[in-house]
Each structure stands twice: as C-alpha cells, then as structure tokens.
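Inside the fold
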Protein chains: 2
Amino acid sequence: MSRTASPTAHPAERILLGPGPSPVPQRVLRALGAPTLGHLDPQYLAIMDETCAMLREVFQTKNALTFPVSGTGMAGMECCATNLVEPSDEVLVCVNGVFGLRMKDVIERCGATVHTVEAPWGDVFSNEQIADALEKHPKVKLVGIVHAETSTGAHQPLEGLAEIVHARGALLLVDAVTSLGGHELRVDDWGIDAIYSGTQKCLSCPPGLSPVSFGDRALAKMDARKTKPQSWYLDVSMLRKYYTGGGGGGRVYHHTAPINMTYALREALTIVLEEGLEARIARHAAMHQRLRTGLAELGLGYIPTRSLHSLNCIRIPDGANDAAVRTRLLTDYGIEIGGGLGVMAGKAWRIGLMGHGASVRNVDLVLAALRACLR
Amino acid sequence: MSRTASPTAHPAERILLGPGPSPVPQRVLRALGAPTLGHLDPQYLAIMDETCAMLREVFQTKNALTFPVSGTGMAGMECCATNLVEPSDEVLVCVNGVFGLRMKDVIERCGATVHTVEAPWGDVFSNEQIADALEKHPKVKLVGIVHAETSTGAHQPLEGLAEIVHARGALLLVDAVTSLGGHELRVDDWGIDAIYSGTQKCLSCPPGLSPVSFGDRALAKMDARKTKPQSWYLDVSMLRKYYTGGGGGGRVYHHTAPINMTYALREALTIVLEEGLEARIARHAAMHQRLRTGLAELGLGYIPTRSLHSLNCIRIPDGANDAAVRTRLLTDYGIEIGGGLGVMAGKAWRIGLMGHGASVRNVDLVLAALRACLR
C-alpha cells in the first residue's frame, strides 16, 4: 500500500532564481519559527531596535527614522507616497518599466499631479534628462525614481541626482526593492531623502516587511503637512512614536507589528553584516559576470543597456517556448525563473541572483538547465 | 568561565495572555519556517486557495472574495475602508472604545463624512440606538461597528442589525479582530457585508495577515465606484484577480504576498477546523467562565457590561500598582497580560484567553500568579 502526501502539504524546496522571493537561508527560516513575543514586550522592542540599527548599516545611513513597514515592498512605496505627498502637490516620476508606472499610479492616488519623464524599457535616465524635466515643471516637490527596475533589469545610476533635485527645492524618493543588500546604495552619500525596499530580494528573507528610511528633509516635509496622510496604517507621524519613540511622548503603541517576520529580518541582516556589505556587493557582481559569460556562450542576450547584478533580464531566443521552458525548469530542476512583466511578457526571462541565491552553484546549475531545456 | 547569551538572542517563551498576539502552537511555528515558495508557484497558489477556503469556513460564509490582506489587523480595516468608501460618502461609526475611534479616523481619511453614535466605554449598542442614528442621518451608505472591542472587552451583539442597516440602503462593516475563531460569528446568517480580522488573536497565528471577506452588496458598491481606491496596495479590484482570478482576465500578479505567513495561517486554520468551530467557541466560553469565577474569588470585577470570552477587561483594584504587577507577572512568571488602552490606561488590565491560550492550565496559572502578586 502506498502513501501519497497531499500535493500542498509540504512546500517544495525550490531554487528561487526569479525576480523574488530569493532563496532563504535555513538560519533565517529557523529564526522565523522562534516563539512569538508581544509587540510591546521589552525583549521584542530590543529586537526591533537591533533590526533598525542593522537596517541603517545596510542602507548606509544615519537616518533615525529607518524601520520595516508592516507589509511587502509595495507597502513601503505606498508609505513613502502617502506621507510625502499632499493633495495638489506636483511630482515627477521617472518611468522606464512597470515599477515606475506603479509609482505614478500610487502617487496619483494621493491626489498629486504627476508629471513623467520617460525612457524606453530597458534604458536608464541621465541626470540631464531629469534636470530638463524639472526645468519644465518648476513646481515639482518630489522626484521618484527606481534604482533597480525589476521588470527590465535596468540599473539606474543615482550619483549626482540629489544635487539637481535639491537645487530645485524638491525631494528625492528612491525605489530600491531589488538592490538593497546586493548593489552599491549609499543613502546618505547620495543625498536620498526617502527610500523603500523589500526583504525578499537581496536580503534573502521571506516577503512580509518593507524597510524604509527617511532623512531630515523628508521629516521636515511630513512635519509641515496641512492634511493627515490618507493612510492610518502607514502614517509615519504615528509609526515613528512606536519605532523610535520620536516626535514626543515616548514609545507609543500603533499597530501590532509582524513579530516573527522581524526575527527573520534581524537574522537576515545579521548574515548580510557577517559577510560584509562590500563583500556581498562584490559577490553579486561576480555572479552576474559568471552568468553573463555563460549566457553569451548559449547565445542569450540581455535586454537592458545597463544590467542589474541581482536581476538578469534576457531576451527569449527565437523558437523557444516561454511557458514550456519555465515549466520544465520548475518540474525537472525545481528552479524558478521569472517570465516577462508588462510589455516584456513573452519576450523576456528574468533570472534573479539575489542574496543567498547568488552562488557559483546556482549560476552553473541554471546555465546547465537552460542548456538542456533549449537544446 | 561563564557564557551569557545576548538578552535579545533567543526570544523568551512567554505565555501570551494579553490582548494579542496569543500563544502560537508549535505546529504553526514549524509551518512558518517551511521553505519559501514563489508567490506565483502553482503549489503556493494551491496553498493560498486552501487557506481562503478554510477562512470561509471560519467566517461561516460562502463569499468568494475571502482572503488574507498582506498586513496586520489594521491593514484589514483600512482595506475595507479604502474600497467601500468614496470621497463625500456619509458613514455611521459606532464608537464605544479605541477601535471604534480608530475606524472613524481611518474612514475620515478616505474623505467621507463620518457621523458617530456613541456609548460609554464598556457598554454595547442596542439595535434601536443604531436605527435611531440612521433615522437622523438618512444618507449614510455604510455602518461600521466593532464586534469585539479590544480596548474595553465589550462584546457587541450583531443579530438583527443587518436588516436595519440594509432597510436604509446601507452596508454593514464589522471589526472582528478579537472574535474570529473564538466567538460565534455568522457572516452570511447575520447579513454582514464586509468584515476584517487578525491572525494573532483567536486563530493563534503570529501577526502579519488580516483575513477579510466581502459579500455581494459590498462587491456591487466597489464595482460602482467612480474613483480609484486611494490605496493601490489594498485595491480589491486588483487583489481579487490575484486571490480568486475574479473580475475577468484570470489570475494576475499584484504584489508579493507574505508566503511563509500564509503557511502559518493555513496551519492555524487547520487546527481550528480539527477542533471544530463550535467546540472551539464553547471552549472559549468555558475558559472565560472559569476565569470569571476565579477573579470573583480574588475580588476582581469586570469593566464591560457584556464581556467577550476572548478578552477579559478587569478593574485594577485599589492599592495595586498597575506597572509593578504586570512587570512581576512578566519577569517571575513569563506571563504577558495587557494594560489599559486609551481612557482605560492605569484603570484596567486585559487578560486574553484566545485560541491556543484558552486552556485550564493558563486560566489556573494566571489566577495563581495574580493571587501571589496582589497579596
């Protein structure tokens, strides 16, 4: 007599080489399953403080207001928008993929007038393009840009941009969902005013939290608001009292934080800092190069002009069946890669080499598997 | 040579008898730490479907649109508000504690005019009171009420209310954060149009998800919206395509769901249904009676006129030091109980007997500990 487990009973051990989530180290999964504490327990508050301190190191910032929003990456985007934008504000969003488009949508829902500067999908923006757009729209109070455009794999340079934005009296908001912990990202040195990320990309933690950081200019804009942020859940004027005890009145309960996810994030950040941020970024670069060389040998080319190391967006070769190849990778190898998103659907594959997933073992395996599936 | 672990290294094994989170069974913690799947992996989608099906059983509803919002309980409140309320709508909120006040705040931020009907903290509303308020405000399109007011422990009856609300052409929105899985709650029989809860109360799962359910009337109101919901993250017109494939176009990616939290919720719901909803509700009632009897022997009285079984809000006796007693419970016994919230601060203790925590062992232990601490 044979026994068959329900097909959903035990999650399969996939190798996650798509656009995220990325592979989660066993240490992080174990931390996730530690006993649940209360959200006002002194021990939990100490764990949260440690987590925020490590987030500051990884963001390379001294910003006191650096914490994980209680939601996945897009909750972080919405947190920045709802607090930094007031109805009737003018905002400039740089759009060269799905996540720029999404930022436009999120900010418009805050009642702002959103101007866009656009680049072809796969391209990045020059500082001059953005300066020209600001010249055309002098009332802009916030510029939003995506550091790591997960839909195209484009890697946007950010150095020198804040100076241009600040000279116009505007703030710089950055989407770093797919770059934090895997790419150079210097929040303070680069003058970034507000930034959000996700836990399930280069930090190799399960999805569920969205690290954010706000600088002094962003705090001043929030403090000067005439209207309440439209979201209570994401209202930073209250969240900061819980996370930092800041804003007067000491530490105050706001909402119940996702306790166990905080354990996991703390462990994931510990691993990042044990490796060292610089070494980790270099590892991502080396694994990207190794993959790129192997893909070239297979005749596979990149879509973006300037590719991320953490996400490799490649053109599906003529004659290959998109869905069939991805299904075979999943069933025969247990490997997940991503399909194309938005206008890239059916045209691109997205191979993520993020955090724990960016290893020689995974690069050589995915190349071998692709070689077999494309034969 | 002695070795001392960092005080934050390993979360302590507390007995969580406060207003939530509640004690999490080992089975649920183990499920939480299972390997992370991608959010579009067929196996994960099957796990999500199972989770939603079990949520329907626990909510006692056939509503297709029943799913866990990717945030803690207050994200569920905000999800209901942002989708059901349009700017310039009139709404009636029943306020008899912190969570009614919060609902008013959240709904006002959606641009609605909020009327309130109020009752003293600790009291509940009669259907007549609400009918009178609707008579006074005939344009009201939504009535919001808290089933389980976590700040006072008051247990609001809901039977017959929907008929009154529907007769006025309005919808009924219910906060069931502290009652789902521990109290009788019949979404379909009681005519509730929209409802939200949390995972960390009577379901005994860690915090991080907020189960919601929407009936046909609520869907019709959302479909008839003239404006986009102000939140992209919580926009049900998009979320339903991911969770149910509904609204046309099949299953579509929206945001990255908190994968591992879904495993935990599935396991927690499995435990609820193994016990049986009716047996579980009866257990909560029996443990409440056992506690109430023991508290009376200690001379401790209840604040609400009609107490929840899951949350027992008691008057701090004269001469007892609120903070000192709670600190001693935490340090000597590893027991967390809650202090008072809002106007109850310093006046009340809140003893939660939720889900896995509602046991003879815990009731007798907390009574013994209180007896020792109040001696």
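Since we're looking at a predicted model, the values are computed, not measured. (Residues numbered from 1 in each chain as written. Chains lettered and ligands numbered in written order. Predicted model: local features only at pLDDT ≥ 70, side-chain atom pairs only at ≥ 80, totals over all residues.)

1. Details of the overall build of chain A
The secondary structure content of chain A amounts to 12 helices and 14 strands. Computed over the C-alpha atoms, the radius of gyration of chain A is 21 Å, within 12% of the 21 Å expected from 2.2 N^0.38 for a compact globule of 375 residues. For chain A, the C-alpha atoms occupy an extent of roughly 65 × 55 × 35 Å along the three principal directions. For chain A, the residues scored as buried account for 57% of the 375 residues in total. (Helix = DSSP H or I, 4+ residues; strand = E, 2+ residues; numbered from the N terminus. Rg over C-alpha atoms; globule rule 2.2 N^0.38 Å. Buried ≥ 20, exposed ≤ 12 C-beta atoms within 10 Å, placed from the backbone.)

2. Overview of the relation of the copies chain A and chain B
What relates the two chain copies is a rotation about an axis together with a slide along it. For the pair chain A and chain B, the best superposition has an RMSD of 0.0 Å and corresponds to a rotation of 180° with a translation of 0.0 Å parallel to the axis. Such a combination of turn and shift is consistent with a two-fold rotation axis. The fraction of interface residues of chain A whose copies in chain B are also interface residues reaches 100%, indicating that both copies meet through the same surface. (Least-squares fit on C-alpha atoms with pLDDT ≥ 70 in both. Contact = placed C-beta atoms within 7 Å.)

3. Quick word on the pairing of strand S10 (residues 210–214) of chain B
All names here are of chain B. Counting buried positions along S10 yields 5 of 5 residues, so the element is predominantly enclosed. The alternating pattern of S10 places Ser210, Val212 and Phe214 on one face and Pro211 and Ser213 on the opposite face, and all of these are buried. Strand direction decides the pairing type here: strand S2 (residues 65–69) and S10, joined by 5 bridges, are antiparallel. Each bridged residue has a counterpart across the sheet, and for valine 69 the counterpart in S10 is serine 210. Here strand S9 (residues 194–196) runs beside S10; their pairing, made up of 3 bridges, is antiparallel. When the bridges of S10 are listed, tyrosine 196 appears paired with valine 212. (Pairing = 2+ DSSP bridges.)

4. Things to note about the domain arrangement of chain A
Residues and elements named next belong to chain A. Taken domain by domain, chain A consists of domain 1 (15–22 + 277–374) and domain 2 (26–272). If you look at the interface, domain 1 gives 27 residues, while domain 2 gives 28 residues. When contributions to the side of domain 1 that touches domain 2 are tallied by element, the ones reaching two or more residues are helix H10 (277–297) and strand S11 (311–315). Sorting elements by how many residues they give to the side of domain 1 that touches domain 2 places H10 first, with 4 residues. Its residues assigned to classes, the side of domain 1 that touches domain 2 comprises 13 nonpolar, 11 polar and 3 charged. (Domains from an automatic or database assignment. Nonpolar A, V, L, I, M, F, W, Y, C, P; charged D, E, K, R; others polar.)

5. Describing the sheet that holds S10 of chain B
Residues and elements named next belong to chain B. Sheet architecture is open: 7 strands sit in the order S2-S10-S9-S8-S5-S3-S4, paired in mixed fashion. Each edge of the sheet is formed by a strand with only one pairing partner; in this case those strands are S2 and strand S4 (113–118). Between one strand axis and the next, the sheet turns through 20° on average, direction left out of account. Judged from the 5 bridges that link them, strand S5 (residues 140–146) and strand S8 (residues 171–175) form a sheet pairing that is parallel. Looking at S8, one finds that isoleucine 145 is bridged to valine 174. Lying on the sheet, helix H5 (residues 127–136) is in contact with strand S3 (90–95), S4 and S5; it crosses S4 at an angle near 145°. Running at roughly 110° to S8, helix H7 (residues 216–223) makes contact with S2, S8, S9 and S10 of the sheet. (Axes fitted to C-alpha atoms, helices over the stretch in contact; angles between N-to-C directions.)

6. A look at the confidence of the model for chain A
Per-residue confidence for chain A gives a mean pLDDT of 96, with 98% of residues at or over 70. Interface scoring of the predicted complex returns ipTM 0.96; its pTM is 0.97. (pLDDT = per-residue confidence, 0-100.)

7. A few points about helix H7 (residues 216–223) of chain A
What sets the pattern is the α-helix's 3.6 residues per turn: residues three or four places apart point alike. All names here are of chain A. Of all the residues in H7, the buried ones are Ala218, Leu219, Lys221 and Met222. In a view along the axis of H7, the buried residues occupy a sector of 160°, so they form one face of it. In H7, the exposed positions that point more than 90 degrees away from the buried face belong to Asp216, Ala220 and Asp223. Where H7 is buried, its residues touch strand S2 (65–69), helix H3 (73–84), strand S8 (171–175), strand S9 (194–196), strand S10 (210–214) and helix H8 (236–243). (Arc of directions from axis to C-beta.)

8. Considerations on the packing of helix H2 (residues 42–59) of chain A against helix H9 (residues 259–275) of chain A
All names here are of chain A. H9 packs onto H2 with a crossing angle of 40° between their chain directions and a minimal axis gap of 9 Å. Considered as vectors, H2 and H9 are oriented oblique to each other. For the crossing formed where H2 meets H9, the hand is left-handed. Here Tyr44, Ile47, Met48, Glu50, Thr51, Met54, Leu55, Glu57 and Val58 of H2 come into contact with H9, specifically with Ile259, Thr262, Tyr263, Leu265, Arg266, Leu269, Thr270, Val272 and Leu273. Taken together, the residues of the contact of H2 with H9 sort by class into 12 nonpolar, 3 polar and 3 charged. (Parallel < 35°, antiparallel > 145°, perpendicular 65-115°, else oblique. Left-handed = near helix turned anticlockwise from the far one by under 90°.)

9. What to know about the interface of chain A and chain B
Between chain A and chain B, the contact holds 54 residues from the first and 54 residues from the second. Residue assignment for the side of chain A that touches chain B shows that the elements contributing at least two residues are helix H1 (26–32), H2, H3, helix H4 (98–108) and H9 of chain A. Here the side of chain A that touches chain B is composed, by residue class, of 25 nonpolar, 19 polar and 10 charged.

10. As for unusual backbone geometry
Here the amide bond leading from glycine 20 of chain A into proline 21 of chain A is cis, since omega sits at 5°, within 30 degrees of zero. Examined against the element boundaries, proline 21 of chain A turns out to sit in the loop between strand S1 (15–16) and H1. Residues other than glycine seldom take positive phi values, yet glutamine 60 of chain B does so here, at roughly 55°. Tracing the sequence through the fold places glutamine 60 of chain B in the loop between helix H2 (42–59) and S2. Note on glutamine 60 of chain B: 16 C-beta atoms within 10 Å, which makes it partly exposed.

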